[in-house]
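These are the residues of each chain, in order.
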Amino acid sequence: MTPELSRTLNALGMLAVSLVLLLAFFYQLKLYELPCPLCLLQRVGFVAVGVGLGLNLLYGARPRHYGIMLLGALFGGSVAVRQILLHIVPGTGHYGSPVLGLHYYTWAAICFFLILLGTALMLMFDRQYDGEPQPRFGGSALAKTAFFIMFGLAALNAVSTLVECGPGICADPPTSYKLIDEVGGNG
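First, a word on what this report is: a plain description of the structure on this page.

1. Focus on the state of the cysteines
Within this structure, the stated rule accounts for one disulfide. Note that Cys165 is cross-linked by a disulfide to Cys170, the S-S spacing being 1.9 Å. Classification of the bridge connecting Cys165 and Cys170 rests on its S-S torsion, roughly 100 degrees, and on that basis the disulfide is right-handed. For Cys111, which is in no disulfide, the shortest distance to another cysteine sulfur is to Cys39 and amounts to 14 Å.

2. A short note on the nonpolar core
Grouped together as the largest cluster of nonpolar side chains are 29 residues, with contacts concentrated most on Met14, Val17, Phe46, Val49 and Ile115. Discounting chain neighbours no more than four positions away, the residues touching Ile115 are Val17, Phe46, Val49 and Ala73. With six residues, the next largest nonpolar core counts Cys36, Cys39, Val79 and Tyr105 among its residues.

3. A short note on the packing of helix H1 (residues 3-29) against helix H5 (residues 141-165)
Closest axis-to-axis distance for the H1/H5 pair is 9 Å, and the angle between their directions is 30 degrees. As far as their axial angle goes, H5 and H1 are roughly parallel. Here H1 runs over H5; the crossing is left-handed. Every residue of H5 that contacts H1 at Thr8, Ala11, Leu12, Met14, Leu15, Val17, Ser18, Leu21, Leu22, Phe25 and Gln28 is listed here: Leu142, Ala143, Ala146, Phe147, Ile149, Met150, Leu153, Leu156, Asn157, Ser160 and Glu164. Here the residues of the contact of H1 with H5 sort into 16 nonpolar, five polar and one charged.

4. Let's talk about the packing of aromatic side chains
In this description, a pair of aromatic rings is defined by centroid distance and the angle of the planes. The final tally for this structure, using the stated rule, is five aromatic pairs. On the basis of an interplanar angle of 70 degrees and a centroid distance of 6.0 Å, the ring pair of Tyr32 and Tyr177 is categorised as edge-to-face. On the criterion of sequence distance, the pair formed by Tyr32 in the loop between H1 and helix H2 (37-59) and Tyr177 in the loop between H5 and helix H6 (178-184) is long-range, its members being 145 residues apart. In this structure an aromatic cluster arises from ring pairing among Phe147, Phe148 and Phe151. Note that Arg43 overlies the ring of Phe25, its terminal NZ or CZ placed 5.2 Å from the centroid.

5. Some thoughts on the environment of Pro173
Examined against the element boundaries, Pro173 turns out to sit in the loop between H5 and H6. Among the residues examined, Pro173 registers a relative accessible area of 49% and is labelled partly exposed. Sequence spacing of Pro173 and Cys36 is 137 residues, and the spatial spacing of their C-alpha atoms is 5.7 Å.

6. Notes on the environment of Ala120
Structurally, the position occupied by Ala120 is in helix H4 (residues 104-123). Its relative accessible area of 36% is what places Ala120 among the partly exposed residues. C-alpha of Ala120 to C-alpha of Gly67: the two residues are 53 residues apart in sequence and 9.4 Å apart in space.

7. Observations regarding H4
If you check H4, its first and last C-alpha atoms are 28 Å apart, about what 20 residues at 1.5 Å a residue would give, namely 28 Å. Packed against the buried residues of H4 are H1, H2 and helix H3 (63-87).

8. Quick look at the packing of H1 against H4
Packing of H1 against H4 leaves a shortest axis separation of 12 Å and a crossing angle of 170 degrees. Considering the angle they form, H1 stands roughly antiparallel to H4. Judged by residue contacts, Ser6, Leu9, Asn10, Val17, Val20 and Ala24 of H1 engage Tyr104, Cys111, Ile115 and Met122 from H4. In terms of residue class, the contact of H1 with H4 is built from eight nonpolar, two polar and no charged.

Parameters and conventions
- Residues numbered from 1 in each chain as written.
- Predicted model: local features only at pLDDT ≥ 70, side-chain atom pairs only at ≥ 80, totals over all residues.
- Heavy atoms only, no water.
- Disulfide = S-S within 2.5 Å.
- Core = buried A, V, L, I, M, F, W, Y, C linked by side-chain atoms within 4.5 Å.
- Buried < 20%, exposed > 50% of the residue type's maximum accessible area, 1.4 Å probe, protein only.
- Contact = heavy atoms within 4.5 Å.
- Axes fitted to C-alpha atoms, helices over the stretch in contact; angles between N-to-C directions.
- Helix = DSSP H or I, 4+ residues; strand = E, 2+ residues; numbered from the N terminus.
- Parallel < 35°, antiparallel > 145°, perpendicular 65-115°, else oblique.
- Left-handed = near helix turned anticlockwise from the far one by under 90°.
- Nonpolar A, V, L, I, M, F, W, Y, C, P; charged D, E, K, R; others polar.
- Phe/Tyr/Trp six-rings, centres within 6.5 Å; stacked < 30°, edge-to-face > 60°.
- Lys NZ or Arg CZ within 6 Å of the ring centre and 35° of its normal.
- Expected span 1.5 Å × (residues − 1).

Laid out in structure tokens, this is it:
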């Protein structure tokens with residue numbers, strides 16, 4: 001695999017992770033389904049995967065960047081599986097609306113598994129590490145677009161979490177935006 005193909009695949013991976021975060025924001029903002037603390041931690045896992053992908057786009061593919069992706073996916077996948085196990089027993093309920101029959105945390109577990117598989121496969125191709133380090137983004141419009149979308153989504157997640165939880169511990173389950181309530185004098 002050439003460095004150019006690796007960069008393109010990393011950019012496409014970053015766009016896929018961004019799509020997952022965009023869908024989560026859609027459910028949060030349009031359907032007013034506030035993310036629970038475990039959901040927020042899964043978003044952290046997706047952002048960590050995005051950091052690894054972003055480093056590959058900025059500085060060229062490196063095993064340590066893929067290592068960050070693996071750690072992010074292991075973290076996020078572990079949180080998703082924990083949430084699945086919390087809701088697997090009949091009568092314990094669920095959290096959030098289903099998407100194509102599965103809840104967000106189940107989809108997150110599937111996505112994290114696919115990220116682990118894809119990252120492991122990418123690590124098998126040594127030629128992507130050949131040559132001199134590429135210029136930032138490698139001049140690719142796709143890489144630049146993917147990077148800035150992911151960067152924006154990571155920033156939005158940080159702001160959204162602060163507004164939802166305030167400076168303290170997040171409510172479980174969340175019922176409102178805590179910071180807005182406190183500033184508005186409703187809390």
